[in-house]
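Working through the structure, step by step
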Amino acid sequence: MAILVAGGAGYIGSHTVQELIDAGKEVVIVDSLEYGHQGAVLAKKFYKGNIGDKEFLKKVFRENDIEAVMHFCAYIEVGESVTNPRKYYNNNIVAGIALLDTMLEANVKRFVFSSTAAVYGQPEKVPISEDTPTLAVNPYGETKLSFEKILKWYGEAYGMTSSVLRYFNACGAHPNGHIGEDHSPESHLVPLILQVPLGKRASIKIFGDDYPTRDGSCVRDYIHVSDLALAHVLAVDRLIAGKPSITCNLGNGVGFSVKEIINTAREVTGHKIPADIVARRAGDPAELIAESDRARRELGWKPKYHDVKTIIATAWEWHRKHPSGYGDR
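None of these values were measured; they are calculated from a predicted model.

Here's the deal with the sheet that holds strand β1 (residues 2-6)
Taken in spatial order, the seven strands of this open sheet run β3-β2-β1-β4-β5-β6-β10, and their pairing is parallel. At either end of the open sheet lies a strand with only one pairing partner, and these are β3 (45-48) and β10 (246-250). Along the sheet, successive strands turn relative to each other by an average axial angle of 20°, direction set aside. Across four bridges, strand β2 (residues 26-31) lies against β3 in parallel orientation. Bridged to Asp31 within β3 is Lys48. Set on the sheet, helix α2 (residues 54-63) makes contact with β1, β2, β3 and β4 (66-71); between it and β3 the angle comes to about 165°. Sitting on the sheet, helix α5 (residues 139-158) is in contact with β4, β5 (110-116) and β6 (161-167), with an inclination near 155° to β5.

What about the pairing of strand β9 (residues 219-224)?
β9 sits mainly inside the fold: six of its six residues count as buried. Burial along β9 is two-sided: Val219, Asp221 and Ile223 and Arg220, Tyr222 and His224, pointing in opposite directions, are all buried. In this structure, strand β7 (residues 169-171) lies alongside β9, joined through three bridges in parallel fashion. From the neighbouring strand, Ala170 faces β9, where its bridge partner is Ile223. Relative to strand β11 (residues 255-257), β9 is paired through three bridges, and the arrangement is antiparallel. Counterpart to Val219 in the pairing with β11 is Ser257.

A look at the packing of α2 against helix α4 (residues 85-105)
In contact at an axis separation of 10 Å, α2 and α4 are set at 40° when each is read in the N-to-C sense. As judged from the angle between their axes, α2 and α4 are oblique. As α2 runs across α4, the sense of the crossing is right-handed. In this structure, α2 uses Lys54, Leu57, Lys58 and Phe61 to contact α4, whose residues at the interface are Ala98, Leu99, Asp101, Thr102, Met103 and Glu105. Classifying every residue of the contact of α2 with α4 by side-chain character gives five nonpolar, one polar and four charged.

Some remarks on the pattern of salt bridges
Where charged atoms from two side chains of opposite charge come close, those side chains can pair. All chains considered together, the criterion is met by 15 salt bridges. The shortest N-O distance in the salt bridge between Glu298 and Arg297 comes to 3.4 Å. On the basis of relative accessible area, Glu298 is assigned to the partly exposed category, the value being 37%. Three or more residues joined by partner-sharing salt bridges are found here, namely Lys54, Glu55, Lys58 and Glu105.

Remarks on unusual backbone geometry
One can expect most non-glycine residues to show negative phi and most peptide bonds to be in trans. Val126 connects to Pro127 through a cis peptide bond whose omega is 0°. Summarising the element assignment, Pro127 is placed in the loop between β5 and α5. Looking along the chain, the bond that leaves Ser184 and enters Pro185 is cis, with omega of 0°. The residue Pro185 is located in the loop between β7 and α6 (189-194) in this model. Even without being a glycine, Asn107 presents a positive backbone phi close to 60°.

Observations concerning the packing of aromatic side chains
Taken as a whole and judged by the stated rule, the model has seven aromatic pairs. Both rings, one in Phe111 and one in Phe147, keep their centres 6.2 Å apart while their planes meet at 45°; by these two values the pair is tilted. Of this pair, Phe111 sits in strand β5 while Phe147 is found in helix α5, placing the two residues 36 residues apart along the sequence. By relative accessible area, which is 0% here, Phe111 ends up buried.

Overview of the pairing of β5
Looking down a regular strand, the side chains alternate between one sheet face and the other. Of all the seven residues making up β5, six are buried; the element is thus mostly covered by neighbouring parts of the structure. Summarising the sheet, β4 and β5 pair through three bridges and their orientation is parallel. Counted as the bridge partner of His71 is Phe113 from β5. Pairing analysis gives seven bridges linking β5 to β6, with the strands arranged parallel. Counterpart to Val112 in the pairing with β6 is Ser163. In terms of handedness, the path from β5 via α5 over to β6 forms a crossover that is right-handed.

Quick look at α2
Listed in full, the buried residues belonging to α2 are Phe56, Leu57, Val60 and Phe61. Along the long axis of α2, the arc covered by the buried residues comes to 135°, so they all point the same way. Counted as exposed and oriented over 90 degrees from the buried face of α2: Glu55 and Arg62. Of the surrounding secondary structure, the elements contacted by the buried residues of α2 are β1, β2, β3, β4 and α4. Put simply, Asp53 is the residue that caps the front of α2, since its side-chain oxygen is 3.2 Å from the backbone nitrogen of Glu55.

The rules behind each value
- Here the residue numbering is sequential within each chain, running from 1 through the sequence in written order.
- Two thresholds apply to this predicted model, a pLDDT of at least 70 for residue-level local features and 80 or more for giving and counting side-chain atom pairs, whereas whole-chain, interface and lining totals are computed over all residues.
- As a rule here, side-chain values come from all non-hydrogen atoms in the structure, and water together with hydrogens is ignored.
- Each pair of strands is called paired provided DSSP finds at least two bridges between the two strands.
- Note on conventions: DSSP H or I runs of at least 4 residues are helices, E runs of at least 2 residues are strands, and numbering of each starts at the N terminus.
- For helices, the fitted axis covers only the stretch in contact; all axes are lines through C-alpha atoms, and the angles between them, taken along N-to-C directions, range from 0 to 180 degrees.
- When checking whether two residues touch, look at their non-hydrogen atoms; a contact exists if any pair is within 4.5 Å.
- Throughout, exposure labels follow a simple rule: accessible area from a 1.4 Å probe, protein chains only, divided by the maximum for the residue type, with under 20% read as buried, over 50% as exposed, and the rest as partly exposed.
- Working rule for angles: under 35 degrees goes down as roughly parallel, over 145 as roughly antiparallel, 65 to 115 as roughly perpendicular, anything else as oblique.
- By the definition used in this description, the sense in which the near helix is turned from the far one sets the handedness, with an anticlockwise turn below a right angle giving left-handed and a clockwise turn giving right-handed.
- Polar here means any residue other than Ala, Val, Leu, Ile, Met, Phe, Trp, Tyr, Cys and Pro, which are nonpolar, and Asp, Glu, Lys and Arg, which are charged; Gly is therefore polar.
- Here, a salt bridge means any side-chain nitrogen of Lys or Arg that lies within 4 Å of a carboxyl oxygen of Asp or Glu.
- To pair, rings of Phe, Tyr and Trp, with the six-membered ring standing in for Trp, must have centres within 6.5 Å; the planes then decide the type, stacked if under 30 degrees apart, edge-to-face if over 60, and tilted in the middle.
- When the strands point away from the viewer, a crossover counts as right-handed if the route from the first strand across the helix to the second turns clockwise.
- The arc in question is formed by the directions pointing from the helix axis toward the C-beta atoms.
- Two N or O atoms count as a polar contact when they lie within 3.5 Å, although within protein this holds only if one can serve as hydrogen donor and the other as acceptor, and sequence-adjacent residues are included solely when both atoms are side-chain atoms.

See below:
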């Protein structure tokens, strides 16, 4: 039996496919390649298409013996979600429901969902546990939170079990150097920093240095993408074993400031990486750090990459060898 990975040609999806393959599992990938990359397709079975197309999905389920689904097919840009919420509601909710309904028609009832710390909005306390109030402050976070609630009610009504995994700041690249992070446009801090030593930008911007943190810049919890991927494998195994639905944070539990990440990248790359202080961005919380004890306890999850220098080094290895990413944009 196979695991269907929707969005398996994207950043976190492709790393999860690698972990599934390493665990000896059969994998089927569905991806529209709107943001994913053909070069990141690692499974032998790949279907190009959109999860909002139920006829397309029915074909995938007819042709494969699927026992569980992992869902990574979301739009993720916070700023764009504010200016174009329709795009986010149509894809992140409407298309997601099409996937759930097709699963039910095929009698597949195990689901691993790629969620986000954005569901918490701007929490008053850190570290953030799964019991922290969910107060999303943008359409991206709201669509993720809404889909979490949909999963809850699909579980109540139809017996679907789910693992909801709320990511903090994913970064890094697979140590084998074959897959990494390639977004267009890029909005994540680590690859943006690494564009400076690659000659793609003159400097990196620091959005505010007057936050109530140790050096004035925002503090975030950075988690290696392969550690995230491993959590998905453990989560799907738990569902297959008949365990109930669960929601887990995924983070290292340690915060690093923007300035600290830039300094570490300078050390890793040997480049000066000039930085410019600019105005704060609206809605940026000062500090976001995860409490991930539940994932460690219930999934048996043990992150391998605790050292931010090692995490950035894996990213630098990927970007250095792939300065144009997968080269398909």
